[in-house]
Protein chains: 6
Amino acid sequence: MTTTSTPTTTPAAGGRRNDGRVPNQLRPVKIVPDYLKFAEGSVLIRVGDTRVLCAASIEDRVPGWMRGKGRGWVTAEYSMLPRAGTERSQREASRGSIGGRTHEIQRLIGRSLRGVVDMAKLGERTITLDCDVIQADGGTRTASITGAYVALARALNRFGMGHLLTGQVAAVSVGLVNGQTYLDLDYSEDSTAEVDFNVVMVNDDRLIEVQGTAEHGAFSRPQMDAMIDLAAAGIRQLFTLQQSAIDAPRGE
Amino acid sequence: MTTTSTPTTTPAAGGRRNDGRVPNQLRPVKIVPDYLKFAEGSVLIRVGDTRVLCAASIEDRVPGWMRGKGRGWVTAEYSMLPRAGTERSQREASRGSIGGRTHEIQRLIGRSLRGVVDMAKLGERTITLDCDVIQADGGTRTASITGAYVALARALNRFGMGHLLTGQVAAVSVGLVNGQTYLDLDYSEDSTAEVDFNVVMVNDDRLIEVQGTAEHGAFSRPQMDAMIDLAAAGIRQLFTLQQSAIDAPRGE
Amino acid sequence: MTTTSTPTTTPAAGGRRNDGRVPNQLRPVKIVPDYLKFAEGSVLIRVGDTRVLCAASIEDRVPGWMRGKGRGWVTAEYSMLPRAGTERSQREASRGSIGGRTHEIQRLIGRSLRGVVDMAKLGERTITLDCDVIQADGGTRTASITGAYVALARALNRFGMGHLLTGQVAAVSVGLVNGQTYLDLDYSEDSTAEVDFNVVMVNDDRLIEVQGTAEHGAFSRPQMDAMIDLAAAGIRQLFTLQQSAIDAPRGE
Amino acid sequence: MTTTSTPTTTPAAGGRRNDGRVPNQLRPVKIVPDYLKFAEGSVLIRVGDTRVLCAASIEDRVPGWMRGKGRGWVTAEYSMLPRAGTERSQREASRGSIGGRTHEIQRLIGRSLRGVVDMAKLGERTITLDCDVIQADGGTRTASITGAYVALARALNRFGMGHLLTGQVAAVSVGLVNGQTYLDLDYSEDSTAEVDFNVVMVNDDRLIEVQGTAEHGAFSRPQMDAMIDLAAAGIRQLFTLQQSAIDAPRGE
Amino acid sequence: MTTTSTPTTTPAAGGRRNDGRVPNQLRPVKIVPDYLKFAEGSVLIRVGDTRVLCAASIEDRVPGWMRGKGRGWVTAEYSMLPRAGTERSQREASRGSIGGRTHEIQRLIGRSLRGVVDMAKLGERTITLDCDVIQADGGTRTASITGAYVALARALNRFGMGHLLTGQVAAVSVGLVNGQTYLDLDYSEDSTAEVDFNVVMVNDDRLIEVQGTAEHGAFSRPQMDAMIDLAAAGIRQLFTLQQSAIDAPRGE
Amino acid sequence: MTTTSTPTTTPAAGGRRNDGRVPNQLRPVKIVPDYLKFAEGSVLIRVGDTRVLCAASIEDRVPGWMRGKGRGWVTAEYSMLPRAGTERSQREASRGSIGGRTHEIQRLIGRSLRGVVDMAKLGERTITLDCDVIQADGGTRTASITGAYVALARALNRFGMGHLLTGQVAAVSVGLVNGQTYLDLDYSEDSTAEVDFNVVMVNDDRLIEVQGTAEHGAFSRPQMDAMIDLAAAGIRQLFTLQQSAIDAPRGE
């Protein structure tokens, strides 16, 4: 059972993008639940040519610094397979250390998911969300968050712990490319964008993480507002796709 | 286009195995070619519940110690996703070093593939075979070899270098389980086997790697001969499945 | 010669904070230029009890991947002395690797400073901004950016390269603490804040980095707008303090 | 007290080797027991110009994952001194990690020795076999196994635990060199061999490890059988030499 | 409250040094107590242009190998900020390991301070002395010892544990430069010295560490005696300066 | 050909030591030259139960920072086999880093040997002295220096470069044990000594390294003088033993 969607949208001002999308259009999104046999919860999420395998593991223990407090912990790890992109990259295990970009991304994913889990009710358990990028064409960190939420929800539902979720979370990137505001940048857009925002939103329209970076130059407040509006609209579409995947019956 | 097969076999002596197979029966094998968009060659190979993503990357350079000799190099890297198995394992990148088992396996894969490539004709190029285990249910190293050969062959064929291959190579495990000789052990069989053999064979029936280990006790020469006979029969079936996947037209 | 200021502000709604500040008030800021004898540029910046030593080093070379392009590079490193805080922390050199938080912060500082340097005119030079936290009481990453800009500007001015700067950059944190919007959080506020924003702004009021994180719960768009307004007002005060320190004559 | 032997053999077909040996002839083997004063058991084994110092340490504890099971553990570590060979090699401690070849070899030694120890009767003890190559001229891993067994047996006998041994184990290499089947390859033979086998055998003629690798080309089943026959004959000679060293009285 | 001194001395034979000092003259020394707000004890020590921040942290635990013995432990860590010297040096955290020079120095500091603390009376506590070199112009290891003693004494006094000190310790370097015996070498002298001595002395004139190294050539016994005499005279002056800083009232 | 000696000495005041030696007596010293077949120079040195294998490797290159200066480099590495002592120690390669004690010792050995080599005449060559402790019973660092000098001298003589040596160097430890001044401490003495000195001397009686450490308490100048006198007398005996080993003809 898979959930696919290429949302039909009204063409926005700004003309067509390289891949034919209009500025406010998501790439086709497909979420395959229960992609792995052994994980408590898992999905393969595809966003255009980006594919991330998200696995939720629930373990009956917490890190040392949290023991005895009766609370749980949610953490994330992120990695990219060496041949996810157009050129082969070295494995971090071979280099002997995790790079700065990986650290930054996995901390973002962890914070985003912790934002919707009731840690006190979780008890002394750790939920690890492994996000492994099988193929990378831009937006891997936001696809990881969107997919990890589904893996997490399915894992919790499966063990009757769905009530630990305090909200639904999804994420998308937006950016300024040649002065245009684009939703859901692919790699070619991302690498030429003047500004790149990653927005993480809960289903009551409140935000839990906003990260905006001007790669060249800077951005004004009105430009920022327009980008966040665009992201919010995109995330609302993702909520619907997530929900279908969460509700799908078990069984690959 | 995918190539699947559950070879029908005549029931062998020794009765049924846990999953219903007869002793000399392979698990269902499925090889999905061109699984990745960006790699020069790639497959997803499934052997029962074991799934390995094999990617061949061709780069126009060789390691420092080989420069200026006009010869190429073929190497392999192997890794297991943290949630490939029934329990989550720590990433080697987090530990900061590659473990002994991983080293042992990736050296085996590399040697096996080098055995069928003409390094002199390859010129100063490196081919890296990345074998990433998505799901692990026994036989990941032999599935990696079998899949990596297809990824390699498709990559070479695509760039008109198919003639660099000097043979076809595939691998399978065999073992002694409760005194029975079984082909293609799954995880539950492997973890209780008295003896475990990994056999790598070329399509002229000659061997390029034989690794037999008695986990408990020891094995006699006749037992060894029976195991290698069984492996050879299994590998001949794999050759046929590989060839179909190699011949499949391009296009996911 | 040092530049100190406790900006006088009109009391805002929300009452007094722990240290007596009103919500929209910065902590006392002091920038000591030329703190180090050997560095091309350096400052010790104090923001309340937070103290960061910022050093700018200019070297006539660029990393390998940038060679031959005629462009320069600006990068940052961040570290905290083990006894900067209330408890001793382990050195990252002893642990053998740089942690995720450090990576995240030094990447932020580097991006922020690159945003105001003309890399093409810099030529094949690397400027490294070392930000070493001598004492930590909240806001170390924003103090690092604010101080590093002064160290950078003094270093460039000293060698007649002041025209490479395309703008002035400073940073501050804001947050939601018990529902109140506070400027420039100290450690006690930061550790109980519901939301924490780090804002990096250029002196034309445009932004080059916005990072907002809900540590508990989430934040609405109006809350976000209020926080960024507050940050912008604080940063404008920092611009004045930076300018005095940049204009101070040389001589320890 | 030392045990030396250059077994006299009937010249085999295939003519003389570089060092004057006939194809089925071992190099001179010398086993010096109790080479170290402090280790529970130790030997210096010389096989031609290869010299390995093997030490058996018995400790009253097991690794964390084995605690409370009432069983013991036998493990091995292998290392080569930097100036063991014709060129100086870098220390693995300087590189900061253990290489793949080392991992592969020490796992092989560990498995081989575990094959002849009754772990249940050992109780919660760890026996570590340190094999340090003082000088390397081929066959270091098989010399390590052969020597480690003697160190182990002497250590167990010394503390009245000789009955924990379930068999005697020794190892040798064989190979195809210029189409000839040679026993006990030295470095010059090993580096030009088409095929290299390491065979580990117990004294009831059963095998506990067989590792055959075609470095160039491949090998047929009859070639494999001939190599294993040759290895078995060589190992039987090693059993006699081991036994003399085990029986030697204590005292250097 | 700070303690500064440029001891007036009678000109010795040998003429003036680069910075105008006579051979047996210390550089100006300044010890700023309580430089850090959070550490149990701390000083910034300046010796000429060398500046070291010394912090004493007292923790209620000992390393694993000391537990249950009722004794304490005193240890030191030493590090140099990347821009302490005339050229930027790489951080040891970035390199992933602590270098040999750092290890050697921090072991010296630790031994020197342990020499004046009654470990038995300390109980199961660890005192860590962090010596971070802010600026380096020669003599950083001896300045670290001299400063660390003050940080330690102030920390112990503050918590009523001053009686644990069994003596006062300070250190200085001496050397042979162009055949002249010089006290307290600065960097330019140190880098051209034929011989370099670091002397650590207690206030009863007994020594607890003497390290002399001939960088070029060798030194005679009379030269050694002259150097140690000179060092002892310098250290006696440092004792007075230390005492003033120890006696200074609390309050930055 | 080996050189052995138990120097006969007149009993000194202070009575007999544990092993029957008088206070000013060396342990039996034996230097086996050409212990290794492949190294340019090598010895096994035994000092009582301490045994160190010293190998000199000459390579036609220098480290990067020395290239193009026409000068050579002499460096040392030191390591202890895991079962050199009474308890097994962890390998530094397994730990992933070299410890502080090892760093300190190998820097001492390197400096000592550099003190007697004319680096300018050596040309752009590196000589590495590997000192591997086979068995440890105190005095491993001084035995390493004494042995490494012989390995170095034999290597240089063999290649007609003996004139590069500017002196002969040897080393010994002395210490205060229960108030007695003892020459050449063994492990049991070293671990209870109040003071421990390592003295490195050239054959014109000048010193190139003196390292004295009070492990408990402190030492007076007269005590220091007595210890260095004792060391010098011991080193003069070592010079004779070294010379015999240097002059021994080649051939194991």
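Placed above this text is the structure.
What you are looking at is a predicted structure, and each value in this text was computed from that prediction instead of being measured. (Residues numbered from 1 in each chain as written. Chains lettered and ligands numbered in written order. Predicted model: local features only at pLDDT ≥ 70, side-chain atom pairs only at ≥ 80, totals over all residues. Heavy atoms only, no water.)

Student: I would appreciate a short explanation of the overall build of chain A in the present structure.
Tutor: Within chain A one finds six helices and 10 strands. Along the longest, intermediate and shortest principal axes, the C-alpha atoms of chain A span 55 × 40 × 35 Å. The 252 residues of chain A split such that 62% are buried. Of the contacts formed within chain A by residues at least 6 apart in sequence, a portion of 68% connects residues at least 24 apart. By element, 47% of the accessible surface of chain A is carried by carbon and sulfur atoms, the whole surface being about 9000 Å². Of the side chains in chain A, 29 bear a positive and 29 a negative charge, and the two mean positions are spaced by 5 Å. (Helix = DSSP H or I, 4+ residues; strand = E, 2+ residues; numbered from the N terminus. Buried < 20%, exposed > 50% of the residue type's maximum accessible area, 1.4 Å probe, protein only. Contact = heavy atoms within 4.5 Å. Areas by Shrake-Rupley, 256 points an atom, 1.4 Å probe, with all protein chains shown as cover. Lys, Arg positive; Asp, Glu negative; His and termini not counted. Charge placed at Lys NZ, Arg CZ, Asp CG, Glu CD.)

Student: Would you mind going over the packing of helix α2 (residues 100–114) of chain A against helix α4 (residues 140–158) of chain A with me for this structure?
Tutor: Working note: a packed helix pair is described by the angle between its axes plus the distance between those axes. Residue and element names in this part refer to chain A. It is at 10 Å that the axes of α2 and α4 come closest, and there the two elements cross at 40°. The angle between α2 and α4 falls in the class oblique. In this structure, α2 crosses over α4, and the sense of that crossing is right-handed. Only T140, R141, S144, I145, A148, Y149 and L152 of α4 make contact with α2, whose side of the interface consists of R101, E104, I105, L108, I109, S112 and L113. Residues that form the contact of α2 with α4 fall into these classes: eight nonpolar, three polar and three charged. (Axes fitted to C-alpha atoms, helices over the stretch in contact; angles between N-to-C directions. Parallel < 35°, antiparallel > 145°, perpendicular 65-115°, else oblique. Left-handed = near helix turned anticlockwise from the far one by under 90°. Nonpolar A, V, L, I, M, F, W, Y, C, P; charged D, E, K, R; others polar.)

Student: What should I look at first to understand the pattern of salt bridges in this one?
Tutor: Side chains bearing opposite charge may pair, as long as their charged atoms lie close to each other. Overall, the coordinates contain 157 salt bridges over all chains when judged by the stated rule. Two residues, R221 of chain A and D229 of chain C, come together in a salt bridge whose shortest N-O distance is 2.9 Å. With one member in each of two chains, R221 of chain A in helix α6 (residues 221–247) and D229 of chain C in helix α6 (residues 221–247) form a pair that bridges those chains. Classification of R221 of chain A by relative accessible area gives partly exposed; the value is 21%. With relative accessibility at 45%, the residue D229 of chain C sits in the partly exposed group. With a closest N to O distance of 2.7 Å, E209 of chain F and R111 of chain F form a salt bridge. Of this pair, E209 of chain F sits in strand β10 (residues 207–214) while R111 of chain F is found in helix α2 (residues 100–114), placing the two residues 98 residues apart along the sequence. For the pair E209 of chain F and R111 of chain F, one class covers both residues: buried. (Salt bridge = Lys/Arg side-chain N within 4 Å of Asp/Glu carboxyl O.)

Student: Looking at this model, I keep getting lost on the interface of chain B and chain A. Mind explaining?
Tutor: When the parts of a complex come together, some accessible area is lost, and that lost area is often used as the size of the interface. Each side of the interface is counted separately: chain B has 40 residues, and chain A has 39 residues. Taken together, the two surfaces of chain B and chain A that pack against each other cover about 3200 Å², and 48% of this comes from carbon and sulfur. Counting every contact that joins chain B to chain A gives 14 salt bridges. Here D130 of chain B ties to R91 of chain A by a salt bridge, and the two come within 2.8 Å at their closest N and O atoms. Put simply, chain B and chain A have 23 residue pairs in polar contact (both at pLDDT 80 or more) between them. (Buried area = accessible area lost by both parts, 1.4 Å probe. Polar contact = N/O pair within 3.5 Å; in protein donor to acceptor, adjacent residues only side chain to side chain.)

Student: What am I meant to see in the relation of the copies chain C and chain E here?
Tutor: Each of the two chain copies can be generated from the other by rotation about an axis followed by a shift along it. With an RMSD of 0.0 Å, the operation that places chain C on chain E is a rotation of 180° combined with a shift of 0.0 Å along the axis. Interpreted geometrically, this transformation is the action of a two-fold axis. Judged by C-alpha distance, A93 of chain C is the residue of chain C that lies nearest the rotation axis, at 1.9 Å. (Least-squares fit on C-alpha atoms with pLDDT ≥ 70 in both.)

Student: How should the interface of chain C and chain E be read in this particular structure?
Tutor: Taken residue by residue, the interface counts 39 residues in chain C and 39 residues in chain E. Summed over both sides, the interface between chain C and chain E buries roughly 3200 Å², with carbon and sulfur atoms accounting for 48% of that surface. Together, F38, R83 and R88 of chain C form the three largest contributors to the area buried by chain C at its contact with chain E, with a combined 24%. Summed over the shared surface of chain C and chain E, the result is 14 salt bridges. A salt bridge links R91 of chain C to E77 of chain E; its shortest N-O distance comes to 2.8 Å. Run the count over chain C and chain E and you get 23 residue pairs in polar contact (both at pLDDT 80 or more). Where the side of chain C that touches chain E is concerned, the elements lending two or more residues are β3 (41–47), β4 (50–59), β5 (73–80), α1 (92–95) and β6 (126–135) of chain C. Classifying every residue of the side of chain C that touches chain E gives 16 nonpolar, eight polar and 15 charged.

Student: Explain the environment of Y35 of chain C here, please?
Tutor: Note on placement: Y35 of chain C falls in the loop between β2 (29–33) and β3. Assessed through its relative accessible area of 10%, Y35 of chain C is described here as buried.

Student: Whenever I open this one, unusual backbone geometry confuses me. Can you help?
Tutor: Of all residues except glycine, most have a negative phi; of all peptide bonds, most are trans. Phi at D34 of chain B is positive, roughly 55°, even though this residue is not glycine. One can find D34 of chain B in the loop between β2 (29–33) and β3 (41–47).

Student: For this particular structure, what's the right way to read the pairing of strand β7 (residues 169–177) of chain C?
Tutor: Along any regular strand, the residues point their side chains to alternate faces of the sheet. All names here are of chain C. The buried fraction of β7 is high, at nine of nine residues. The side-chain alternation of β7 yields two buried faces, one formed by V169, A171, S173, G175 and V177 and the other by A170, V172, V174 and L176. The sheet contact formed by β7 and strand β9 (residues 195–202) spans eight bridges and is antiparallel. Paired with L176 across the bridge in β9 is V195. Across four bridges, the pairing between β7 and strand β8 (residues 180–183) is antiparallel. Each residue of the ladder has a partner; that of L176, found in β8, is T181. (Pairing = 2+ DSSP bridges.)

Student: I tried to follow the sheet that holds β9 of chain C on my own but got confused; where do I start?
Tutor: Hydrogen bonds between backbone atoms are what pair the strands of a sheet, whose relative direction is either parallel or antiparallel. Spatially, β8(A)-β7(A)-β9(A)-β10(A)-β10(C)-β9(C)-β7(C)-β8(C) is the arrangement adopted by the eight strands of the open sheet, whose pairing is antiparallel. The open sheet has two edge strands, β8 (180–183) of chain A together with β8 of chain C, and neither has a second partner. Between one strand and the next, the sheet's axes are offset by a mean angle of 15°, whatever the strand orientation. With seven bridges connecting them, strand β9 (residues 195–202) of chain A and strand β10 (residues 207–214) of chain A associate as antiparallel partners. Paired with N198 of chain A across the bridge in β10 of chain A is Q211 of chain A.

Student: Is there a simple way to think about the side chain of D132 of chain E in this case?
Tutor: Tracing the backbone through its elements, the reader meets D132 of chain E in strand β6 (residues 126–135). Contacts of D132 of chain E, omitting those with residues within four sequence positions, involve L81, P82 and R91 of chain C together with R51, V52, L53 and S79 of chain E.

Student: Explanation requested: the sheet that holds strand β7 (residues 169–177) of chain B in the structure shown.
Tutor: Pairing in this open sheet of eight strands is antiparallel, and the strands run β8(B)-β7(B)-β9(B)-β10(B)-β10(D)-β9(D)-β7(D)-β8(D) from one edge to the other. Edge positions in the sheet fall to β8 (180–183) of chain B together with β8 (180–183) of chain D, since each has one partner strand and no second. Adjacent strand axes in the sheet meet at a mean angle of 15° when their direction is disregarded. Seen against the sheet, helix α4 (residues 140–158) of chain B touches β7, β9 (195–202) and β10 (207–214) of chain B and runs at an angle of roughly 165° to β7 of chain B. Contacts from helix α6 (residues 221–247) of chain D reach β10 of chain B together with β7 (169–177), β8, β9 (195–202) and β10 (207–214) of chain D within the one sheet, and its direction differs from that of β7 of chain D by about 140°.

Student: Hey, could you run me through the relation of the copies chain B and chain A in this one?
Tutor: Rotating chain B by 180° about the axis while translating it 0.0 Å along that axis superimposes it on chain A, leaving an RMSD of 0.0 Å. Comparing interface residues between copies, 98% of those in chain B also sit at the interface in chain A, which points to an isologous, same-surface contact.

Student: I tried to follow the side chain of D196 of chain F on my own but got confused; where do I start?
Tutor: Residue and element names in this part refer to chain F. Its location among the elements puts D196 in strand β9 (residues 195–202). Buried charge without a partner: D196 forms no salt bridge, and the closest opposite charge is R141, 6.0 Å away. Leaving out residues up to four positions away in the same chain, D196 has contacts with S173, V174, G175, L185, D190, Q211, G212 and T213.

Student: Please explain the arrangement of the chains as it appears in this structure.
Tutor: Nothing in chain A touches chain D; the tightest C-alpha to C-alpha distance between them is still 9 Å. Without any contact between them, chain B and chain E keep their closest C-alpha atoms 11 Å apart.

Student: I would appreciate a short explanation of the environment of I105 of chain D in the present structure.
Tutor: Of note, I105 of chain D is situated in helix α2 (residues 100–114). The spatial distance from the C-alpha of I105 of chain D to the C-alpha of T140 of chain D is 9.3 Å, given a sequence separation of 35 residues.

Student: What is the right way to read the environment of I127 of chain E from this model?
Tutor: Turning to its location among the elements, I127 of chain E is positioned in strand β6. Given a relative accessible area of 0%, I127 of chain E falls into the buried group.

Student: Just to check I follow, could you spell out the state of the cysteines for this structure?
Tutor: Here, the word disulfide means a covalent bond between the sulfur atoms of two cysteines. Scanning all chains against the criterion turns up zero disulfides over all chains. Summary of cysteine pairing: C54 of chain C is not part of a disulfide, and the nearest cysteine sulfur, belonging to C131 of chain C, is at 4.2 Å. (Disulfide = S-S within 2.5 Å.)

Student: Would you take a moment to explain α2 of chain A for this structure?
Tutor: Turn by turn, an α-helix covers 3.6 residues, leaving residues three or four places apart pointing in a common direction. All names here are of chain A. For α2, which comprises 15 residues, the first-to-last C-alpha distance of 21 Å matches the rise-based estimate of 21 Å (1.5 Å per residue) to within 8%. For α2, a buried count of 12 out of 15 residues is recorded, marking the element as mostly surrounded by other parts of the structure. Of all the residues in α2, the buried ones are G100, T102, H103, E104, I105, Q106, L108, I109, G110, R111, S112 and L113. (Expected span 1.5 Å × (residues − 1).)

Student: I would appreciate a short explanation of the pairing of β4 of chain C in the present structure.
Tutor: Residues and elements named next belong to chain C. Burial within β4 is extensive, with 10 of its 10 residues counted as buried. A two-sided burial pattern is seen for β4, the buried positions comprising T50, V52, C54, A56 and I58 on one face and R51, L53, A55, S57 and E59 on the other. Bridge count for β3 against β4 is seven bridges, and the pairing is antiparallel. Bridging across to β4, V43 finds its partner in C54. Count of turn residues in the β3/β4 antiparallel hairpin: two residues, of which G48 carries a positive phi of about 60°. For β4 and β6, the ladder comprises nine bridges, and the chain directions are antiparallel. The residue of β6 that forms the bridge with R51 is Q135.

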